Amino acid sequence: MISIVTELIALAAFTSAAVFGTAGIIGLYRFPDPYARMQASSLCGTTAVFSVFLGSLALAPSWAVATRLVVLMAFFLVSGPTGGHIVARFAWNSGIDPWRPVSPVIRPARRRFGGGKVERAKDSPLPPESGID
Amino acid sequence: MRQILLDGMQWFLVACAVGAVIRILAGPSAADRLVALNVLSGIVLAFLAIRGVMEGQAIYLDVALVYDIFGFLGLLAIARFLKEKAMGAGEDE
């Protein structure tokens, strides 16, 4: 009786992991720039992996495995979003423009590492020291 | 039932890892590759947890914890290294 309940919990968690993991991998291919891809991959990396941990916790055969899974979940909750933040800061600092649907005239400023020097496009109508960023 | 669930999840994670590796190889910029590397780190972590539960061996989960720590530090080190490389290229110009 107990095993049926735990298997149903694991089935629900694994189904959620499959749905979110598929969505994350599809988003990793279909989105246009690294920021949007990082949104999709954070979905995959946090929700899907955490669902796998929850399902594994329901199916854990012994207390030794279960306690290690809990420690792993606690550490993953810290390290996953922090890693995403590091990647996002790297992408922003390396001067990658965020994708925008239609940008015929206004181009975003590019920023580089070190110093707050801002380069505008030559045909940009914005004044040099103000604007989007 | 239990074995079917764990086996299915294991092969699903293998498929996701293949997708992330293709993105690492094909990514046009370094930021794309770092994003895919972050995903791959999480997928391998989940794979190790699944293997540990399937075999009933707690040693897989110890390996998974250490892998998570070193994957995080490795991501930090790669981002720092690429940043210094980009700054050096900017100073040369």
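Residues numbered from 1 in each chain as written. Chains lettered and ligands numbered in written order. Predicted model: local features only at pLDDT ≥ 70, side-chain atom pairs only at ≥ 80, totals over all residues. Heavy atoms only, no water.

Chemist: Is there a simple way to explain empty space enclosed by the protein in this structure?
Modeler: The method is simple in principle: a probe with the dimensions of a water molecule rolls over the atoms, and the space it marks as empty is what remains. Tallied over the full model, the rule gives 1 cavity of 30 Å³ or more. By volume, the largest cavity is sized at about 60 Å³. Around the largest cavity, the lining residues are A:Ala17, A:Gly21, A:Cys44, A:Ala48, A:Val49, A:Val52, B:Met9, B:Phe12, B:Leu13, B:Cys16 and B:Ile43. (1 Å grid on protein atoms, 1.4 Å probe; cavity = no way out; pocket = protein on both sides within 12 Å on 5 of 7 lines; lining within 4 Å. Points joined across faces, edges and corners; volume = space filled by probe spheres on them.)

Chemist: Got a minute to help me understand the pattern of salt bridges in this structure?
Modeler: When the charged atoms of two side chains lie near each other, side chains of opposite charge can form a pair. By the definition in use, this model includes 3 salt bridges over all chains. Across the pair B:Asp32 and A:Arg37 runs a salt bridge, and its minimum N-O distance is 2.4 Å. Of the two residues, B:Asp32 sits in helix 2 (residues 30-55) while A:Arg37 sits in helix 2 (residues 34-58), which places them in two different chains. The same class applies to B:Asp32 and to A:Arg37, which are both buried. (Salt bridge = Lys/Arg side-chain N within 4 Å of Asp/Glu carboxyl O. Helix = DSSP H or I, 4+ residues; strand = E, 2+ residues; numbered from the N terminus. Buried < 20%, exposed > 50% of the residue type's maximum accessible area, 1.4 Å probe, protein only.)

Chemist: For this particular structure, what's the right way to read the layout of surface pockets?
Modeler: When its volume is computed, the second largest pocket comes out at roughly 310 Å³. Along the wall of the second largest pocket there are 24 residues; nearest its centre are B:Leu37, B:Asn38, B:Val39, B:Ser41 and B:Gly42. Going through the elements one at a time, helix 2 and helix 3 (63-93) of chain A together with helix 2 and helix 3 (59-92) of chain B are the ones with two or more residues in the lining of the second largest pocket. Considered class by class, the residues forming the lining of the second largest pocket number 10 nonpolar, 13 polar and 1 charged. (Nonpolar A, V, L, I, M, F, W, Y, C, P; charged D, E, K, R; others polar.)

Chemist: Got a minute to help me understand helix 1 (residues 2-26) of chain B in this structure?
Modeler: For an α-helix the count is 3.6 residues per turn, leaving residues at separations of three or four pointing the same way. Over its 25 residues, helix 1 of chain B extends 37 Å from the first C-alpha to the last, a length consistent with the 36 Å expected when each residue adds 1.5 Å. Regarding helix 1 of chain B, the residues found buried are B:Leu5, B:Leu6, B:Met9, B:Gln10, B:Phe12, B:Leu13, B:Cys16, B:Ala17, B:Gly19, B:Ala20, B:Arg23 and B:Ile24. Residues of helix 1 of chain B that are buried sit in contact with helix 1 (2-30) and helix 2 of chain A together with helix 2 of chain B. (Expected span 1.5 Å × (residues − 1). Contact = heavy atoms within 4.5 Å.)

Chemist: Any chance you could explain the packing of aromatic side chains here in plain terms?
Modeler: Applying the stated criterion across every chain, the model contains 2 aromatic pairs over all chains. Note on A:Phe53 and A:Phe76: the rings are 5.8 Å apart at their centroids and 90° apart in plane angle, and the pair reads as edge-to-face. Highlighted residues: A:Phe53 in helix 2 and A:Phe76 in helix 3, separated in sequence by 23 residues. Of the two residues, A:Phe53 and A:Phe76, both sit in the buried class. Lying over the aromatic face of A:Tyr29, B:Arg23 brings its terminal NZ or CZ to 5.5 Å of the ring centre. (Phe/Tyr/Trp six-rings, centres within 6.5 Å; stacked < 30°, edge-to-face > 60°. Lys NZ or Arg CZ within 6 Å of the ring centre and 35° of its normal.)

Chemist: Even after reading the chapter, I still don't get the interface of chain B and chain A, so can you show me in this structure?
Modeler: When the parts of a complex come together, some accessible area is lost, and that lost area is often used as the size of the interface. Contact residues are listed per partner, giving 44 residues for chain B and 43 residues for chain A. For the chain B and chain A pair, buried surface summed over both sides reaches about 3800 Å², with 81% attributable to carbon and sulfur atoms. Looking at the side of chain B facing chain A, the largest losses of area belong to B:Leu5, B:Arg23 and B:Val35, adding up to 14% of the total buried there. Taken together, the links from chain B to chain A amount to 2 salt bridges. Between A:Arg68 and B:Asp62 there is a salt bridge, with the nearest N and O atoms lying 2.7 Å from each other. One can count 7 residue pairs in polar contact (both at pLDDT 80 or more) joining chain B with chain A. Secondary structure elements with two or more residues in the side of chain B that touches chain A: helix 1, helix 2 and helix 3 of chain B. Residue classes in the side of chain B that touches chain A are distributed as 32 nonpolar, 6 polar and 6 charged. (Buried area = accessible area lost by both parts, 1.4 Å probe. Polar contact = N/O pair within 3.5 Å; in protein donor to acceptor, adjacent residues only side chain to side chain.)

Chemist: For this particular structure, what's the right way to read the environment of B:Ile59?
Modeler: All names here are of chain B. Note on placement: Ile59 falls in helix 3. Under the relative-accessibility criterion, Ile59 is labelled exposed at 52%. Spatially, the C-alpha atom of Ile59 lies 9.9 Å from that of Leu48, the residues being 11 residues apart in sequence.

Chemist: When you look at the confidence of the model for chain A in this model, what are you seeing that I'm missing?
Modeler: Caution applies to low-pLDDT regions: their predicted coordinates should not be interpreted in detail. Looking at chain A as a whole, the pLDDT averages 78, with 75% of positions reaching at least 70. Ranking the elements of chain A by mean pLDDT puts strand 1 (residues 110-111) of chain A last, at 52, and helix 1 of chain A first, at 89. (pLDDT = per-residue confidence, 0-100.)

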